[in-house]
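# Secondary and tertiary structure notes
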Amino acid sequence: MRQSFIKLIKSIGPGFLLAGAAIGVSHLVQATRAGAEFGFVLIWALVLACITKYPFMEFGPRYTSSTGNTLIEGYKSIGQWALQLYFIISIGSVFIIQAAVTLVTAGLAEYLFQTGISIFGWSCIILSLCIIILSIGRYKTIDRLMKLLISGLTLATLIAVFLAVGNEKNTYLFNYTHPDLWTVSSLAFIIAFMGWMPIPVDASVWHSIWTKEKNKQYLNNSVKNSLIDFNIGYLSASFIGLLFFLLGVLVFFGRDIVISTTAVGFSGQLIEMYQYTIGEWSKTIIAVAAFFAMFSTTLAVTDAYPRVFDEYLKHRSQSTNTHKSNYILLLFIIAVLSIALLYFFSNRFTIFIDFATGVAFLTTPIIAWLNLKLVTSSNFPKDNRPKPIYYWFSQVCLWFLVGFGVFYLGLNIFY
C-alpha cells in the first residue's frame, strides 16, 4: 500500500504541467472578463466547456500509458492524412497561442516592475528567458516549478473569493440586470470564452508527450496512476477557472468598470480584484504570484510546441531519433515568429485574445474526433478502452463541440 502511494506521488507531474499551461489566458483574462461583463449568468458556459472537453483531454494520457506512444504516433497509425491534418492545425495555432500567453505575461511584467519597457520589449525578454530555462533544464525544471506555482496561486485565489463572497458591497449582485446574451457580440465572446476553458483540446497532445517523458523516469507507470495525475491537473485547472470567474463577478460586475483593452491596463484591473477583497497589503504579493503563474504558462507552452513539432518531424521522416538540436532550433523559430506576430497585435489586446480563443474552438472537434478514434480502435488494448457509458458520453460531447463550432463559424461569416 505504502509503495503504491509513493509510486503515485512520483508519477505526478504531467497533470501539473497541464494545469500550468491552462491557468493563463483562459483563466486570468477570459474567465475574469466573463464574470465581470456578464455576472453569474455565464457560469453554465464555463462548466459546459470543462465537461465537454474532458474525455478528449483524458484520452491523451490513457493512450500514451496504454501503448507507450504519444498521440502523434497514434495519428500516424491512423494514416499519414491524420498526421498531416494535426500538423496543419498546429501550424495554424502555434504562433497565435504562443503570442497570446506571452502578451498577457508581458502586461503583468510591466505592471509589476514599472520599467517603461513596451509590451513588445517585455515579450522579447520573456521569451528569451523561457528559451534559456528550457535549453538548460527542460522537463525537470518546469515539472518542479509548476507544482509550486499552481499551489500558491490556487490558495491566494481561493482566499480572495471567500473574502469577496462575505463582502457586504456585493449584496446587489442578485438583483442586478444581466446583459443580453443573444447579441452577436455576446455570442461571439461566449464561444471565445469556451475556446480555451480550461485549455485548448490540442493540449492533449502536449500532455501525452509529457506523460511519455515522465514514464521514461518511472518505468511501468500504470494507466491508473497516469489518469489520476491527469484528473488532478484538469480538475485543478477547471476549479481555478471557476475561482477567477467568481472574482470577476464579485469584484467587477455591476460596478460600471470598463474592462481595459490593453495588456498593462487589464493587468492592473486583475490585481485590483485581490486588492479589493484581501486588502491593499496584498497588491505586490498577488502581482508577483500572477506574473509567475502567467510566466509558468508561457514556459509550458514554449516547451510544448517544439516537442510537438520535433515529434512530428521524427515520424514524418521515419526517423527513430530525437535530437536536442532540433528542439533548440524549434524553440528559436517559434519564438521569433510569435514575436513578429506580437509586433503587429500587441496594442489590440482583447481583440487578439478573442481571436486566438475563437480559432481554438474551431479546431477542437477535429482533434477530439482523432483522439476518440484512437482509444476505440481495434489496436488499442481492450481493457483500457472507454466503457460503453463513457463512450456514448464522449460522442455527445463531440457533437456538442461540432454544433457550437459550426454556429461560431456561421456567426462570423453572416454577421
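Reading the values: the criteria
- The residue numbers shown here count from 1 along each chain, following its written sequence.
- In keeping with the model being predicted, local features are shown solely for residues with a pLDDT of at least 70 and side-chain atom pairs are shown and tallied solely at 80 or more, while totals for entire chains, interfaces and linings include all residues.
- The side-chain numbers reported here are obtained from all heavy atoms of the structure, hydrogens and water having been left aside.
- Salt bridge criterion: a side-chain nitrogen from Lys or Arg within 4 Å of a carboxyl oxygen from Asp or Glu.
- Only DSSP runs of H or I covering at least 4 residues are called helices, and only runs of E covering at least 2 are called strands; the numbering of each starts at the N terminus.
- The buried label goes to any residue with under 20% of its type's maximum accessible area, the exposed label to any with over 50%, and the partly exposed label to all in between, with areas taken from a 1.4 Å probe on protein chains only.
- As used in this structure description, the phrase polar contact means that two N or O atoms lie within 3.5 Å; if the pair is within protein, one of them must be able to donate a hydrogen and the other to accept it, and residues adjacent in sequence are counted only when both atoms belong to side chains.
- Contacts are assigned to residue pairs with any non-hydrogen atoms lying within 4.5 Å of each other.
- Here the expected span of a helix is defined as 1.5 Å times the quantity of residues minus one.
- Here the bend at each residue means the angle between axes fitted to two seven-residue stretches, the one ending at that residue and the one beginning there.
- Only C-alpha atoms enter the line fits that serve as axes; for helices the fit covers just the stretch in contact. Angles between N-to-C directions range over 0 to 180 degrees.
- Just so you know how the angles are binned, under 35 degrees is roughly parallel, over 145 roughly antiparallel, 65 to 115 roughly perpendicular, and the rest oblique.
- Put simply, a crossing is left-handed when the front helix is turned counterclockwise from the back one by less than a right angle, and right-handed when it is turned clockwise.
- When residues are sorted by character, Ala, Val, Leu, Ile, Met, Phe, Trp, Tyr, Cys and Pro go into the nonpolar class, Asp, Glu, Lys and Arg into the charged class, and all the rest, Gly among them, into the polar class.
- A cavity here means a set of points on a 1 Å grid, drawn over the protein atoms and nothing else, where a 1.4 Å probe fits but cannot get out; a pocket is an open set with protein on both sides within 12 Å along at least five of seven lines, and a residue lines either one if it has an atom within 4 Å of a point.
- Grid points are joined across faces, edges and corners, and a volume is the space filled by probe spheres set on the points.
- Only the six-membered ring of Trp is used, alongside the rings of Phe and Tyr, when aromatic pairs are assigned; centres must lie within 6.5 Å, and planes under 30 degrees apart are stacked while those over 60 apart are edge-to-face, with the rest tilted.
- The term nonpolar core refers to a set of buried residues drawn from Ala, Val, Leu, Ile, Met, Phe, Trp, Tyr and Cys, joined through side-chain atoms within 4.5 Å.
- The residues that make up patches have over 30% relative accessible area and no salt bridge, and they are joined within 9 Å when like-charged or within 5 Å when they are Val, Leu, Ile, Met, Phe, Trp or Tyr.
- To measure how exposed things are, a 1.4 Å probe is used in the Shrake-Rupley method; for residues, cover is taken only from the protein chains shown.

## Describing the pattern of salt bridges
Pairing is possible between side chains of opposite charge, provided their charged atoms come close. If you walk through the whole model with that rule in mind, you get five salt bridges. Where Arg307 meets Asp303, a salt bridge forms, and the shortest distance between an N and an O atom there is 2.8 Å. In this pair, Arg307 and Asp303 both sit in helix H13 (residues 283-316), four residues apart, roughly one turn of the helix. Taking the relative accessible area as the measure of exposure, Arg307 reaches 8% and is therefore buried. With a shortest N-O distance of 3.7 Å, Glu311 and Lys314 are connected by a salt bridge. Placement of both Glu311 and Lys314 in helix H13 is noted, with a separation of three residues, approximately one turn of the helix. Relative accessible area serves as the criterion here: at 8%, Glu311 is assigned to the buried category.

## Some thoughts on the side chain of Asn371
Note on placement: Asn371 falls in helix H15 (residues 349-375). With a relative accessible area of 0%, Asn371 lands in the buried category. A polar contact of 3.0 Å, which involves the side chain of Asn371, links it to the side chain of Ser204. Aside from chain neighbours lying at most four places away, what touches Asn371 is Phe56, Phe59, Leu71, Tyr75 and Ser204.

## Describing helix H4 (residues 43-67)
The end-to-end C-alpha separation of H4 is 37 Å, in line with the 36 Å expected for 25 residues at 1.5 Å each. At Tyr54, H4 shows its largest kink, close to 45°, and the proline Pro55 lies no more than four residues downstream. In terms of residue burial, H4 counts as a mostly covered element, since 18 of its 25 residues are buried. Two residues or fewer past H4, Gly68 is found with a positive phi of approximately 80°.

## Remarks on the packing of helix H7 (residues 119-136) against H13
At their nearest, the axes of H7 and H13 sit 10 Å apart, and the two run at 60° to each other. By the angle between their directions, the pair H7 and H13 is classed as oblique. Crossing of H7 against H13: the hand is right-handed. Each of Ile126, Leu127, Leu129, Cys130, Ile133 and Leu134 in H7 lies in contact with H13, whose residues at this interface are Phe295, Thr298, Leu299, Thr302 and Asp303. The residue makeup of the contact of H7 with H13, split by class, is eight nonpolar, two polar and one charged.

## What about empty space enclosed by the protein?
Going through the model one piece at a time under the given rule, you end up with three cavities of 30 Å³ or more. Looking at the largest cavity, its volume works out to about 90 Å³. What lines the largest cavity is a set of 14 residues, among which Ala21, Val101, Trp196, Ile199 and Pro200 lie closest to the centre. Elements supplying a minimum of two residues to the lining of the largest cavity: helix H2 (14-22), helix H3 (25-38), helix H6 (80-113) and H13. A breakdown of the residues in the lining of the largest cavity according to their chemical character gives 11 nonpolar, three polar and no charged.

## Some remarks on the packing of aromatic side chains
Enumeration according to the criterion identifies 22 aromatic pairs in this entry. Aromatic pair Trp81 and Trp369: ring centres 6.1 Å apart, planes at 35°, arrangement tilted. Linking Trp81 in helix H6 with Trp369 in helix H15, this pair joins segments that are 288 residues apart in sequence. Their ring planes at 20° and their centres at 6.5 Å tell us that Tyr390 and Phe393 sit as a pair that is stacked. Here Phe393 and Tyr390 lie together in helix H16 (residues 388-414), a separation of three residues that amounts to about one turn. Linked through ring pairs, Phe87, Trp206, Trp210, Tyr305, Phe309 and Tyr312 together constitute an aromatic cluster.

## Points about the packing of H3 against helix H12 (residues 263-278)
In a packed pair of helices, the relevant descriptors are the angle between the two axes and the axis-to-axis distance. Where H3 contacts H12, the two axes come as close as 11 Å, and the packing angle between them is 70°. The orientation of H3 with respect to H12, classified from their angle, is roughly perpendicular. Counted together, Leu28, Val29, Thr32 and Arg33 of H3 and Phe266, Leu270 and Met273 of H12 form the full contact between these two elements. Here the residues of the contact of H3 with H12 sort into five nonpolar, one polar and one charged.

## Description of unusual backbone geometry
For the bond running from Met197 to Pro198, omega is -5°, close enough to zero to count as cis. Mapped onto the secondary structure, Pro198 falls in the loop between helix H9 (184-195) and helix H10 (203-217). The phi dihedral of Gln114 falls on the positive side, at around 50°, and the residue is not glycine. Its relative accessible area of 56% is what places Gln114 among the exposed residues.

## So, the nonpolar core
Membership of the largest hydrophobic core comes to 131 residues, with the highest contact counts inside it found for Leu42, Phe56, Tyr75, Leu108, Trp206, Phe244 and Tyr274. Here this core takes 16 residues from H6, the largest share from any one element.

## Some details on a nonpolar patch on the surface
Residues Ile43, Trp44, Val47, Ile51 and Phe393 make up a contiguous nonpolar surface patch of about 390 Å² in total accessible area. Per-element accounting of the nonpolar patch gives the leading share, four residues, to H4. Residue placement: Ile43 occurs in helix H4. Residue classification places Ile43 among the partly exposed residues on the basis of a relative accessible area of 31%.

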